[in-house]
Amino acid sequence: MRSVVFIIIAFLLATNNVFIDFRVGSLSIDRLLEFVFFGLFLNTFIKEFFENPFFKKFTLFVIILAVIQLISNSFLVGFHSIEGKTLPEDLFKSLSFIVYAFLFYLVVKENLWYLKFIVWIHLLICLFALLQHPLSPISSEIHEIKLQLYSNVDQADARSIKLKNQETHISHGVSDKFRLSGPFVSTTTFSYFLIVTFFFNLYLYFRTHKRFYIYTTAFVILCSILTQTRSLVVAIALILIGIFALVSTDRKLNNLKVVVTAILLAASLVFMNKFDTLFEGNSTRLTNLTDSDSATGRPLLWLSGIEAVVKHPFGITDDQYTAVKEQLSKRFGKQSLAYLNSHNGLINIGLNYTIFGYVIIILFSIFIVKYTRLLSKNFKYLFYLFFLGYVIHICLHNNFIFISDYEILMVLMLIPITYTKEQEALDLINPTTKHE
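What you see is a predicted model; the values in this text were computed from it and never measured.

S.K.: Any chance you could explain the packing of aromatic side chains here in plain terms?
M.R.: For any pair of aromatic rings, geometry is given as the distance between the ring centres together with the angle between the planes. Taken as a whole, this structure holds 47 aromatic pairs when the rule is applied. Ring centres of Phe 45 and Phe 102 lie 5.4 Å apart, and the angle between their planes is 85°; on these two criteria the pair is classed as edge-to-face. Of the two residues, Phe 45 sits in helix α3 (residues 42–51) while Phe 102 sits in helix α5 (residues 86–110), which places them 57 residues apart along the sequence. Exposure class is identical for Phe 45 and Phe 102. Each is buried. The positively charged end of Lys 380 is found above the aromatic ring belonging to Tyr 381, 5.7 Å away from the centroid.

S.K.: Where do I start with empty space enclosed by the protein in this structure?
M.R.: A probe as big as a water molecule, rolled over the atoms, marks out the empty space that is left. Using the criterion set out here, one finds 1 cavity of 30 Å³ or more in the structure. Lining the largest cavity, in full, are Ala 66, Gln 69, Leu 70, Asn 73, Leu 87, Asp 90 and Leu 91. For the lining of the largest cavity, the secondary structure elements donating two or more residues are α4 (53–80) and α5. Per-element accounting of the lining of the largest cavity gives the leading share, 4 residues, to α4. Its residues assigned to classes, the lining of the largest cavity comprises 4 nonpolar, 2 polar and 1 charged.

S.K.: Is there a simple way to explain the packing of α3 against α5 in this structure?
M.R.: When two helices pack together, their arrangement is captured by the angle between the axes and the distance separating the axes. Packing of α3 against α5 leaves a shortest axis separation of 11 Å and a crossing angle of 90°. By the angle class used here, α3 and α5 are roughly perpendicular. Note on element contacts: α5 touches α3 through Ile 98, Phe 102, Tyr 105, Leu 106 and Lys 109, opposite Thr 44, Phe 45 and Glu 48. A class-by-class count of the residues in the contact of α3 with α5 yields 5 nonpolar, 1 polar and 2 charged.

What counts, and where the lines are drawn
- Residues numbered from 1 in each chain as written.
- Predicted model: local features only at pLDDT ≥ 70, side-chain atom pairs only at ≥ 80, totals over all residues.
- Heavy atoms only, no water.
- Phe/Tyr/Trp six-rings, centres within 6.5 Å; stacked < 30°, edge-to-face > 60°.
- Helix = DSSP H or I, 4+ residues; strand = E, 2+ residues; numbered from the N terminus.
- Buried < 20%, exposed > 50% of the residue type's maximum accessible area, 1.4 Å probe, protein only.
- Lys NZ or Arg CZ within 6 Å of the ring centre and 35° of its normal.
- 1 Å grid on protein atoms, 1.4 Å probe; cavity = no way out; pocket = protein on both sides within 12 Å on 5 of 7 lines; lining within 4 Å.
- Points joined across faces, edges and corners; volume = space filled by probe spheres on them.
- Nonpolar A, V, L, I, M, F, W, Y, C, P; charged D, E, K, R; others polar.
- Axes fitted to C-alpha atoms, helices over the stretch in contact; angles between N-to-C directions.
- Parallel < 35°, antiparallel > 145°, perpendicular 65-115°, else oblique.
- Contact = heavy atoms within 4.5 Å.

As structure tokens, then:
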């Protein structure tokens with residue numbers, strides 16, 4: 001019975017944001033079920049909190065951020081008339097970060113098989129996304145299945161507009177501009193999903209040494225390229241270069257890999273225009289390095305977020321943020337600035353958790369690095385490289401850890417799981433060895 005429950009939990013974690021439109025009141029059904037399972041294993045959570053230093057500190061960091069946000073929102077409710085429902089909604093979201101992280105830790109600590117199960121579900125999601133591409137012979141049928149996931153979305157909703165745009169691209173066979181999004185409305189949501197599953201497949205390769213995970217990693221990379229999300233592709237490329245350079249014991253082989261990779265990257269930049277001929281001569285978003293598609297440059301979007309934090313360091317309302325963006329829009333003559341957010345997850349920490357949020361995130365980063373240093377060389381560098389790639393990716397998008405990104409929490413929970421497994425292996429070799 002326990003294994004069946006763990007499979008259901010793993011499925012819920014793997015399909016985060018897929019069934020987001022299926023709700024009970026204001027709660028998505030998957031998040032509601034996660035809280036139910038959390039209640040079933042509450043005693044285990046309490047035990048882990050008091051006995052596991054990593055999980056205890058992680059939980060305390062989330063609680064501190066939640067308290068900062070609660071105080072800030074209470075001030076905004078009292079003096080700026082924002083809706084009071086913001087208080088319980090944000091508090092619930094903070095609790096859901098703890099619940100999601102704990103459930104992953106619970107099942108994967110039990111058996112690595114559950115991580116493999118999550119990866120299999122992820123691969124099916126990737127296959128779903130690939131079959132939705134206009135070049136797929138069943139793209140229309142796959143898109144119809146996707147529409148069923150959002151059948152309750154209002155026609156005037158922004159999500160409905162995105163779905164219609166995707167349908168137009170599919171029906172007209174516009175492959176050069178089509179961006180994979182899988183079962184998610186947004187390609188950006190899919191990109192956050194992909195960078196995590198990319199890491200999972202790499203992790204399982206180094207954990208199991210099975211060549212199968214090289215092939216699945218390549219499949220995830222293909223899907224990543226077809227999202228035409230430049231930050232994702234750059235992040236993955238840098239992670240791979242880092243792996244070639246650092247995650248091996250043969251230095252000569254590493255140097256050769258780095259040289260070959262550098263040459264291939266340089267060649268790809270020189271001949272990138274040749275890639276466009278695959279798309280009937282049109283420039284794809286991936287090879288178009290301007291920001292014309294977003295109607296304004298990223299630096300101006302970042303500036304709007306920074307200025308909003310500086311002007312309102314202890315909390316900001318939607319109206320105040322809009323006013324800042326409108327002022328910048330007039331100053332630089334970019335009308336779209338008034339409607340777009342900062343597109344930088346780091347900046348958005350200040351908008352969600354005040355300037356004190358930056359202090360907590362810095363301390364949290366130090367905490368993560370400290371524990372990652374305890375891992376063996378290969379896994380230590382693997383996690384470091386992922387964090388580097390993740391930061392590159394989020395610096396061009398609005399989402400970030402403790403804002404709305406749940407998948408990253410699974411990666412963090414792999415740190416204590418990996419450390420425990422490595423110490424158990426050492427104990428088998430030398431039972432008298434003492435560990436921190």
